[in-house]
Amino acid sequence: MELVGICMICGRPNARYTCRLCGRIVCNNCYDFSNGICVACRGRMIK
Ligand SMILES: [Zn+2]
Ligand SMILES: [Zn+2]
């Protein structure tokens with residue numbers, strides 16, 4: 001078994017990004033590149 005990061009939001013493999021707010025490992029679908037955070041944290045942010 002290889003240790004591939006599992007996205008902690010959607011559960012998919014190939015998670016390679018770390019949210020700088022909550023530290024979750026997430027995939028590119030669940031990562032907000034412009035803010036460096038996951039979509040869960042983005043949903044909490046007031047824009
Ligand atoms: Zn994901
Ligand atoms: Zn987060």
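For the structure itself, look to the data block above.
Residues numbered from 1 in each chain as written. Chains lettered and ligands numbered in written order. Predicted model: local features only at pLDDT ≥ 70, side-chain atom pairs only at ≥ 80, totals over all residues. Heavy atoms only, no water.

Student: When you look at the coordination of the zinc ion (ligand 1) in this model, what are you seeing that I'm missing?
Tutor: Geometrically, a metal with four donors at the corners of a regular tetrahedron has ideal angles of 109.5 degrees, and one with six donors at the corners of a regular octahedron has ideal angles of 90 or 180 degrees. Around the zinc ion (ligand 1), the protein contributes the donor atoms Cys7 (SG), Cys10 (SG), Cys27 (SG) and Cys30 (SG), which lie 2.2 to 2.3 Å from the metal centre. Around the zinc ion (ligand 1), the four donor atoms sit at angles spanning 103 to 116 degrees, and that spread fits a shape best called tetrahedral. All donors of the zinc ion (ligand 1) belong to a single chain; written as a sequence motif, their spacing is C-x2-C-x16-C-x2-C. Placement of Cys10 in the segment before β1 (17-18) and of Cys30 in the loop between β2 (25-26) and β3 (31-32) is noted, with a sequence separation of 20 residues between them. Judged by relative accessible area, which is 7%, Cys30 ranks as buried. (Donors = N, O, S within 2.8 Å, 3.2 Å for Na, K, Ca; no water. Tetrahedral: all angles 85-135°; square planar, octahedral: opposite > 155°, others 65-115°. Helix = DSSP H or I, 4+ residues; strand = E, 2+ residues; numbered from the N terminus. Buried < 20%, exposed > 50% of the residue type's maximum accessible area, 1.4 Å probe, protein only.)

Student: When you look at the side chain of Asp32 in this model, what are you seeing that I'm missing?
Tutor: Along the chain, the position of Asp32 falls in strand β3. In this structure Asp32 comes out as buried when scored by relative accessible area, which is 5%. Setting aside anything within four residues of it in sequence, one finds Asp32 in contact with Ile37 and Arg42. (Contact = heavy atoms within 4.5 Å.)

Student: Can you walk me through the coordination of the zinc ion (ligand 2) in this structure?
Tutor: Around the zinc ion (ligand 2), the protein contributes the donor atoms Cys19 (SG), Cys22 (SG), Cys38 (SG) and Cys41 (SG), at 2.2 to 2.3 Å from the metal centre. Classification of the site at the zinc ion (ligand 2) as tetrahedral follows from its four donor atoms and the range of 101 to 116 degrees in their angles at the metal. Sequence positions of the donors to the zinc ion (ligand 2) reduce to the motif C-x2-C-x15-C-x2-C. Taken together, the residues Cys22 in the loop between β1 and β2 and Cys41 in helix α1 (residues 39-44) connect sequence positions 19 residues apart. With a relative accessible area of 7%, Cys41 lands in the buried category.

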